[in-house]
Amino acid sequence: MRTEPTLRIPLGILGMLLGVAAYALVIARYVPDLIGGWHTLLQTMVYIMLGIVWILPLKRFLAWMETGRWR
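Rules of the game
Residues numbered from 1 in each chain as written. Predicted model: local features only at pLDDT ≥ 70, side-chain atom pairs only at ≥ 80, totals over all residues. Heavy atoms only, no water. Core = buried A, V, L, I, M, F, W, Y, C linked by side-chain atoms within 4.5 Å. Buried < 20%, exposed > 50% of the residue type's maximum accessible area, 1.4 Å probe, protein only. Helix = DSSP H or I, 4+ residues; strand = E, 2+ residues; numbered from the N terminus. Patch = residues over 30% accessible without salt bridge, like charges linked within 9 Å, V, L, I, M, F, W, Y side chains within 5 Å. Areas by Shrake-Rupley, 256 points an atom, 1.4 Å probe, with all protein chains shown as cover. Salt bridge = Lys/Arg side-chain N within 4 Å of Asp/Glu carboxyl O. Expected span 1.5 Å × (residues − 1). Contact = heavy atoms within 4.5 Å. Arc of directions from axis to C-beta.

Enquirer: Could you clarify how one ought to interpret the nonpolar core in this entry?
Expert: Within soluble globular proteins, side chains that are nonpolar generally end up buried alongside one another. Core analysis: the biggest nonpolar cluster contains five residues, these being Ile27, Val31, Ile35, Val46 and Leu50. Breaking this core down by element, the ones donating at least two residues are α1 (8-35) and α2 (40-53). At three residues, the largest contribution of residues to this core is made by α1.

Enquirer: I tried to follow a nonpolar patch on the surface on my own but got confused; where do I start?
Expert: Together, Val20, Trp54 and Ile55 line one region of the surface with nonpolar side chains, adding up to about 240 Å² of accessible area. Along the polypeptide, tryptophan 54 turns up in the loop between α2 and α3 (58-67). A relative accessible area of 33% means that tryptophan 54 is categorised as partly exposed.

Enquirer: What should I look at first to understand α1 in this one?
Expert: Working note: α-helix, 3.6 residues per turn, so residues spaced by three or four point in the same direction. Taking 1.5 Å of rise per residue, the 28 residues of α1 would be expected to cover 40 Å, and the 38 Å separating its terminal C-alpha atoms lies within 8% of that figure. For α1, the set of buried residues is Gly12, Ile27, Val31 and Ile35. Buried residues in α1 make contact with α2 and α3.

Enquirer: I keep staring at the pattern of salt bridges and nothing clicks. Help me out?
Expert: Note that side chains of opposite charge can pair when their charged atoms are close. A full pass over the atoms with the stated rule returns one salt bridge. Of the charged contacts, one joins arginine 29 and aspartate 33 as a salt bridge, the two residues approaching to 3.0 Å between their closest N and O atoms. Linking arginine 29 with aspartate 33, this pair stays in helix α1, spanning four residues, or about one helical turn. Overall, arginine 29 belongs to the partly exposed group, its relative accessible area being 48%. We classify aspartate 33 as exposed; its relative accessible area is 60%.

Enquirer: I tried to follow α2 on my own but got confused; where do I start?
Expert: When the terminal C-alpha atoms of α2 are compared, their 20 Å separation across 14 residues agrees well with the 20 Å that a helix rising 1.5 Å per residue should span. Within the span of α2, buried status applies to Gln43, Val46 and Leu50. The buried residues of α2 occupy an angular sector of 60° when projected down its axis, which confines them to one face. Exposed side of α2, more than 90 degrees from the buried face: Thr40, Leu41, Met45, Ile48 and Ile52 are the residues found there.

Quick look at the structure:
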């Protein structure tokens, strides 16, 4: 565990916020055009899947923020 504050955490939080915002803007811009004519339940499943997908890379990113290593 780290004993001194590092710049990784504030930069990591800023990076996460920018990344999630960019992901959300891309999804909000392009996905409705692609799946707008689909049945409502299929659209719901796609949006649930896209809402979960962005979480997957966070484990390594949070580990980097704490330790400075990607593993």
